[in-house]
Amino acid sequence: MDTWKVTRRLTVDLGGRFEWQYIDGYWAPASTRKTAPDGVGKVLGGKEAIVKNWWNKSLTGNFVYKLFKGGGLTADAMMAQVGANLSNWAQAVAPEAKQSTTIALSIGAYYNSHKFNVTSKINYIKRNNYLFAGNFENPNNVTQIERATVNYDVHTLGWTTDFTWKPFHGFQLHGLLTLQDPKYGNFDFTLFGDQNFNYTDKTVRGVSKILVEIDPSYTYKKFRFWGNVRYFSKQYACFSDALYFAPRWETFAGIDFKYNKQVNFSVSAVNLLGQTGAQGNIAGANTIKPEQASKYYDKPLSGTFIRPFTIEFKTAVKF
């Protein structure tokens, strides 16, 4: 990587990386997994070799053009490639692993002063050959489950604004707003004989379209008082967008006390307002249709939920 000050106003950062990724190991496909003598479970009857080579290339660029003191335009470009991991062969179905490429582009404006800093950007991100390996339930026969691996792309166009405001000594307010529209691409596959599933242009599950974060803090001598408020708009819980988790707020607060350079004390509260909510995905719902969503209503499900109201005390000692 290197930095060039092209003109008095224009600064360019460019970088590159070249990587050889090599996988050499063994795995046990379904054909080598035989029924145990007692009829329960499976035993390993053999193994097959895995040999994969990928040449991964990464390029980055950052461009800053100063229009006036403390303000100007900024742009970023990034391309990164990565191959699969050996863990992708942990299942009995061939993962059809491919090299994945991520492209990210952004352009925006910034302004920095003694009391106020802000950066606002329009962003575009795309990644191909995402690999999903899991169980799919036949929507026409819930007792039939097929395990498969599928590749798909994701892309989004979004807008982010990040600011920091320091109106008086000791106080700081940080905020971040993200608007995005993540979609699937090339997400088309066939299971259960001849059933086709096409989720292209569906909203990516587990990702909110609106994200808000507000972080006020105040420092007085050895004390720091802080808070954190986060908002997540609704998140879809399956590929078909038939189920979703409701929008939620997450709240945190705390007090830090710096006794000296080696010892710090803190007390913090998690879920200060006692909010409820869930995120992630719903098992067994990968292939359901919107008209079948009601069978999941009012049923207990496992997943990731907001922690209950909790108070934590911490002490950090540095040697």
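Everything discussed here concerns the structure shown above.
Read on for an overview of the structure. (Residues numbered from 1 in each chain as written. Predicted model: local features only at pLDDT ≥ 70, side-chain atom pairs only at ≥ 80, totals over all residues. Heavy atoms only, no water.)

Turning next to the overall build of the protein chain. When its secondary structure is counted, the protein chain shows 0 helices and 22 strands. Radius of gyration (C-alpha) of the protein chain: 25 Å, far over the 20 Å computed for a compact globule of 319 residues. Oriented by its inertia axes, the alpha-carbon framework of the protein chain measures out at about 75 × 50 × 50 Å. Relative to all contacts within the protein chain whose residues are 6 or more apart in sequence, the contacts with residues 24 or more apart total 60%. Accessible area for the protein chain stands at about 19,400 Å²; split by element, carbon and sulfur atoms hold 59% of it. (Helix = DSSP H or I, 4+ residues; strand = E, 2+ residues; numbered from the N terminus. Rg over C-alpha atoms; globule rule 2.2 N^0.38 Å. Contact = heavy atoms within 4.5 Å. Areas by Shrake-Rupley, 256 points an atom, 1.4 Å probe, with all protein chains shown as cover.)

Burial of strand β13 (residues 195–198) is one-sided: the residues Gln-195 and Phe-197 facing one way are buried, the residues Asn-196 and Asn-198 facing the other way are not. Bridging between strand β12 (residues 188–191) and β13 involves 4 bridges; their strand directions are antiparallel. By the bridge assignment, Leu-191 is partnered in β13 with Gln-195. If you look at the hairpin formed by β12 and β13, you'll find 3 residues sitting between the two strands, and Phe-192 has a positive phi there, around 55°. (Buried < 20%, exposed > 50% of the residue type's maximum accessible area, 1.4 Å probe, protein only. Pairing = 2+ DSSP bridges.)

Taken together, the side chains of Ile-103, Leu-105, Ile-107, Ile-122, Tyr-124, Leu-157, Trp-159, Leu-179 and Ile-210 define a hydrophobic patch exposed on the protein surface, amounting to about 780 Å² of accessible area. Taken together, the elements giving at least two residues each to the nonpolar patch come down to β7 (100–112), β8 (116–138) and β9 (141–165). At 3 residues, the largest contribution of residues to the nonpolar patch is made by β7. Relative to the elements of secondary structure, Ile-107 occurs in strand β7. Overall, the relative accessible area of 56% leaves Ile-107 in the exposed class. (Patch = residues over 30% accessible without salt bridge, like charges linked within 9 Å, V, L, I, M, F, W, Y side chains within 5 Å. Salt bridge = Lys/Arg side-chain N within 4 Å of Asp/Glu carboxyl O.)

Turning our attention to the nonpolar core. Counting 15 residues, the largest nonpolar core has Phe-136, Tyr-184, Phe-187, Phe-189, Leu-191 and Phe-239 as its most contacted members. When residues of this core are traced back to their parent elements, those giving at least two are β8, β9 and β12. Apart from the residues within four sequence positions on either side, Phe-187 is in contact with Val-150, Tyr-152, Phe-197, Asn-198, Tyr-199, Thr-200 and Phe-239. One finds Cys-238, Phe-245, Ala-293 and Tyr-296 within the second-largest nonpolar core, a separate group that totals 11 residues. (Core = buried A, V, L, I, M, F, W, Y, C linked by side-chain atoms within 4.5 Å.)

Right, let's talk about the environment of Tyr-184 for a bit. Tracing the chain through its elements places Tyr-184 in strand β11 (residues 183–185). Considering only alpha carbons, one finds Tyr-184 and Tyr-111, 73 residues apart in sequence, at a separation of 34 Å.

Let us now look at the environment of Gly-254. Relative to the helices and strands, Gly-254 is located in strand β18 (residues 248–258). In sequence terms Gly-254 and Asn-228 are 26 residues apart; their C-alpha atoms lie 9.0 Å from each other. When near neighbours in sequence (up to four residues on either side) are disregarded, Gly-254 contacts Arg-224, Phe-225, Trp-226, Val-267 and Ser-268.

Further remarks concern the pairing of strand β6 (residues 71–82). Both faces of the sheet carry side chains from a regular strand, because those side chains alternate between them. As paired strands, strand β5 (residues 48–68) and β6 are joined by 10 bridges and run antiparallel to one another. Bridged to Tyr-65 within β6 is Leu-73. In this antiparallel pair of consecutive strands, β5 and β6, the connection spans 2 residues, and Gly-70 shows a positive phi of 85°. Across 12 bridges, β6 lies against β7 in antiparallel orientation. What sits directly across from Leu-73, in β7, is Ala-109.

What follows is about the side chain of Thr-101. Of note, Thr-101 is situated in strand β7. One polar contact links Thr-101 to Gln-81, side chain to side chain, over a distance of 3.4 Å. For Thr-101, the residues in contact, after removing those within four places along its chain, are Met-79, Ala-80, Gln-81, Lys-126, Arg-127 and Asn-128. (Polar contact = N/O pair within 3.5 Å; in protein donor to acceptor, adjacent residues only side chain to side chain.)

Now for the pattern of salt bridges. Applying the stated criterion across every chain yields a total of 9 salt bridges. A salt bridge links Lys-295 to Glu-137; its shortest N-O distance comes to 3.1 Å. In this pair, Lys-295 is assigned in the loop between β20 (278–279) and β21 (304–305) and Glu-137 in strand β8, connecting sequence segments 158 residues apart. With its nearest N and O atoms 2.7 Å apart, the salt bridge here joins Arg-307 to Glu-312. For Arg-307, a relative accessible area of 42% gives the class partly exposed.

Next up on the list: unusual backbone geometry. With phi around 55°, Phe-192 is a residue other than glycine that occupies positive phi space. Among the structural elements, Phe-192 can be located in the loop between β12 and β13. The exposure class assigned to Phe-192 is buried, which follows from its relative accessible area of 10%. Residue Asn-271 is not a glycine yet carries a positive backbone phi of 55°. The residue Asn-271 is located in the loop between β19 (263–270) and β20 in this model. Residue Asn-271 is classed as buried on the basis of its relative accessible area of 3%.

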